[in-house]
Every structure is written in C-alpha cells, then in structure tokens.
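Given next are the chains, with one letter for each unit.
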Amino acid sequence: MEDEAVVRLNSVTKSYRLGSVSVRALTDVSVEVRRGDFVALAGPSGSGKTTLLNLIGCIDKPDSGRVAIGGVDVTDSPLHRLAGLRLNTLGFIFQTFNLVPVLTAYENVEYPLLMKNVPRRERDERVRRWLAKVDIEAQAKQRPDQLSGGQRQRVAIARAMAGDPKLVLADEPTANLDSETAARILDLLVEINRATGCTFVFSTHDTSLIARARRLLRIRDGRIVQHAPAGEVRQEEAFV
Ligand SMILES: Nc1ncnc2c1ncn2[C@@H]1O[C@H](COP(=O)(O)OP(=O)(O)OP(=O)(O)O)[C@@H](O)[C@H]1O
Ligand SMILES: [Mg+2]
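The numbers attached to residues start from 1 for each chain and follow its sequence in the written order. Working convention: letters from A go to chains and numbers from 1 go to ligands, in the order in which they are written. Local features are withheld for residues below a pLDDT of 70 in this predicted model, meaning they are given only at 70 or higher, and side-chain atom pairs are given and counted only at 80 or more; totals for whole chains, interfaces and linings count all residues. Calculated side-chain values reflect all of the structure's heavy atoms, with hydrogen atoms and water omitted.

Chemist: Would you mind going over the overall build of the protein chain with me for this structure?
Modeler: For the protein chain, the count of helices and strands is 7 helices and 10 strands. Taking the principal axes of its C-alpha atoms as reference, the protein chain extends roughly 45 × 45 × 40 Å. Counting all 240 residues of the protein chain, 50% fall into the buried class. Sequence-distant contacts in the protein chain: of pairs separated by 6 or more residues, those separated by 24 or more amount to 68%. Split by element, the accessible area of the protein chain, about 11,700 Å² in all, is 47% carbon and sulfur. For the protein chain, the distance from the average site of its 34 positive side-chain charges to the average site of its 30 negative ones is 3 Å. Counting from the N terminus, the helices are DSSP H or I runs at least four residues long and the strands are E runs at least two residues long. Working definition: with a 1.4 Å probe on protein chains only, accessible area under 20% of the residue-type maximum means buried, over 50% means exposed, and in between means partly exposed. In what follows, residue pairs with any heavy atoms lying within 4.5 Å of each other are defined as contacts. The method behind every accessible area is Shrake-Rupley, applied with a 1.4 Å probe, and residues are considered shielded solely by the protein chains displayed. The positive count covers Lys and Arg only, the negative count covers Asp and Glu only, and His and the chain ends enter neither. Charge positions are represented by NZ for Lys, CZ for Arg, CG for Asp and CD for Glu.

Written as structure tokens, this is what we have:
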C-alpha cells in the first residue's frame, strides 16, 4: 500500500556550527504529516521551525535520524540530487515573499514552470488560472514593488501552486502582514488545501492562526512538545 505520510521524520537531530561552538537546533524530532493535511508548526522564536521546514524541504540535512518525503527516504541523497524533488513535488512560500523584483507578477508565477520546461500554452494556462484563483489577474503586469504585501504573498502562493506541488511549506507566510490580511491569506491557503488536496505545513508565531489548521505541531527548544488535532487545543493552551 502507498505510504499515506507525505512527510516522515524519524528521530532527527540538527546542530549548527557557529565558529567553534555547536548550536543544537533540533533534538530527536519525529514527525508524520499525512496526505492532504493542513499543519501549523507553532513555537517561539529560535525554537527550530525554520530548521525543521528546511529539512522537510530538502534544503538542509539532519545530523542524524531519517527524512522521507512522499514515501522516498532522502536522508542519504546529496542536496543537489534533490533539486528535481524540490521543483516537482514541493512548493515554498516565505515570510518575505521572495519574488524576483524585476519580473512582473505573471513572470514570477511563470518562472518555475520555465525551469520545469512546461510547454508555453500550458504554462500560460496555469499562470492565468492561478493568478485568477489568488485574485491578482488585474495586477498581472505589475512588479512586486508595485504590489501591497498581501498581493505579493498572493503572487507567491500562485507561484508555489502553479507547479502542482504535493506539499507546500510556508515559513511564517503571514508574519509581514497586518492581522486582517494575514487571516485572509490563511483562508486562501485553507481553500486551496480543500480544493486541491495539496498538503500544507506552515509555521507561525500567531496563535490566532493556529485555529485555522487541522493539526498542530508545537515545537519548543528544538523538541516537538505537542502533536494534536488543532481543534483539540484549548485557546489558553495555544499560546506559544
Ligand atoms: N545558520 C545558522 N547558524 C547557526 N545557528 C543557527 C542557524 N540557523 C538557526 N540557528 C539556531 O538554531 C536555532 C533554531 O533556529 P530556527 O531559525 O530554526 O528557529 P525559528 O523557530 O525558525 O525562529 P524564528 O521564529 O525566529 O524564525 C536557534 O537557536 C538559532 O539561533
Ligand atoms: Mg524561522
């Protein structure tokens, strides 16, 4: 039977070297994310959220433990060998949007499809479809500096989704937005999750956003301290 876990981390440990000092970022982290899930990764600054997302996104490697993405154990594959997996299976959304400043909204969404050699007609169809879904059709020709923060993040969401990923990783996607825009961006991600069945993992400091997730992974000092359906988390427990 096909492995229903899109992400499986087994007893993962990760340290960073800072000069002669080793900084422990993750300790004995085991995580399973099931297909179609919508997971909030919540924890205070420095708790290891970005480190964990980087391991899941095959951007970095653990010191020990195993990492499997889409049922494939990637632990022993060098990072450059995983570029295809990143391009074809994963979508990334960042706190600072990370759009290419000299490209228009349309071209930003198109860019990863060019890298994937998607034929022109299909490329155009996918870009237009996703710009419409995130409600940025009218701004398609504008560059990022001509868009609001919320609009930029919508473009980044379209860019992540146009590649038809199985798993989208979003590192504090709403941290640079006001709370109302943040809630709307989260609603949009929830809607996309429901419509496409694509799996989402997003990190956040914001307790009001945890309630929108289906599952909560709470991390503290590099350890997972809670792994629960988000609905079961009482509000007073939700503070991170
Ligand atoms: N490149 C690095 N070199 C050295 N230490 C690092 C590096 N990246 C992260 N760390 C350390 O690892 C720990 C976890 O950092 P990480 O960035 O994963 O936390 P975070 O939960 O994403 O924090 P934030 O909410 O502020 O983004 C911290 O102690 C941090 O200082
Ligand atoms: Mg971080």
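Chemist: Explanation requested: the site of ligand 1 in the structure shown.
Modeler: Looking at ligand 1, there are 14 residues lining it, with Ser45, Gly46, Lys49, Thr50 and Thr51 nearest. A 3.5 Å cut-off defines polar contacts: any pair of N or O atoms within that distance qualifies, except that in protein one atom must be a possible hydrogen donor and the other a possible acceptor, and neighbouring residues in sequence count only when both atoms are side-chain atoms. Here glycine 46 contributes a backbone N or O atom positioned 2.8 Å from an oxygen atom of ligand 1. Threonine 50 places a side-chain nitrogen or oxygen 2.8 Å from an oxygen atom of ligand 1. In the complex, the protein chains occlude 65% of the 630 Å² of accessible area that ligand 1 would expose alone. Among the elements of the structure, β1 (5–18), β2 (21–34) and α1 (49–56) are those that each provide at least two residues to the shell around ligand 1. If one sorts the elements of the shell around ligand 1 by residue count, α1 sits on top with 3 residues. When grouped by side-chain class, the residues that make up the shell around ligand 1 number 5 nonpolar, 7 polar and 2 charged. The rule for a residue being near a molecule or strand is that one of its heavy atoms must lie within 4 Å of it. Just so you know the grouping, Ala, Val, Leu, Ile, Met, Phe, Trp, Tyr, Cys and Pro go in nonpolar, Asp, Glu, Lys and Arg go in charged, and all remaining residues, Gly too, go in polar.

Chemist: Please clarify how a nonpolar patch on the surface should be interpreted in this entry.
Modeler: Only residues whose relative accessible area exceeds 30% and that form no salt bridge enter a patch; like-charged residues are grouped when within 9 Å of one another, and nonpolar side chains (Val, Leu, Ile, Met, Phe, Trp, Tyr) when within 5 Å. Throughout this description, the term salt bridge denotes a Lys or Arg side-chain nitrogen within 4 Å of a carboxyl oxygen of Asp or Glu. Taken together, Tyr16, Leu18, Val21 and Val23 make up a surface patch of nonpolar side chains, about 350 Å² in accessible area. Broken down by secondary-structure element, the contributors of at least two residues to the nonpolar patch are β1 and β2. Within the element layout of this structure, valine 23 appears in strand β2.

Chemist: Please clarify how the environment of phenylalanine 38 should be interpreted in this entry.
Modeler: Secondary-structure assignment places phenylalanine 38 in strand β3 (residues 38–42). Exposure remark for phenylalanine 38: the relative accessible area of 2% places this residue in the buried category. Distance in space between the C-alpha atoms of phenylalanine 38 and alanine 230 is 9.7 Å, their sequence separation being 192 residues. Beyond its immediate sequence surroundings of up to four residues, phenylalanine 38 is in contact with Leu186, Leu189, Val190, Asn193, Phe200, Phe202, Arg212, Ala213, Arg214 and Arg215.

Chemist: Would you mind going over the side chain of arginine 123 with me for this structure?
Modeler: Looking at the secondary structure, you find arginine 123 in helix α4 (residues 120–133). Those residues in contact with arginine 123, other than ones at most four positions away along the chain, are Glu110, Leu113, Leu114 and Val118.

Chemist: Can you walk me through unusual backbone geometry in this structure?
Modeler: Leaving glycine out, the prevailing phi sign among residues is negative, and the prevailing peptide bond configuration is trans. Positive phi values are uncommon outside glycine, yet phenylalanine 97 reaches one of about 70°. Assignment of secondary structure puts phenylalanine 97 in the loop between β6 (90–94) and α3 (105–115). One non-glycine residue, aspartate 221, lies in positive phi territory at about 50°. When you line up the elements, aspartate 221 lands in the loop between β9 (215–220) and β10 (223–229). Accessibility expressed as a relative area gives 68% for aspartate 221, which makes it exposed.

Chemist: How should I be thinking about the sheet that holds β1 in this particular structure?
Modeler: What holds strands together in a sheet is hydrogen bonding between their backbones, with the strands either parallel or antiparallel. Taken together, the 4 strands give an open sheet; going across it, the order is β2-β1-β4-β5, and neighbouring strands pair in antiparallel fashion. Strands with a single pairing partner mark the edges of an open sheet, and in this sheet they are β2 and β5 (72–73). Helix axes are fitted to C-alpha atoms over the stretch in contact, other axes to C-alpha atoms as well, and angles between N-to-C directions run from 0 to 180 degrees. Along the sheet face, α1 touches β1, β2 and β4 (64–69) and points at about 125° away from the line of β1. Paired strands, in this sense, are two strands between which DSSP finds at least two bridges.

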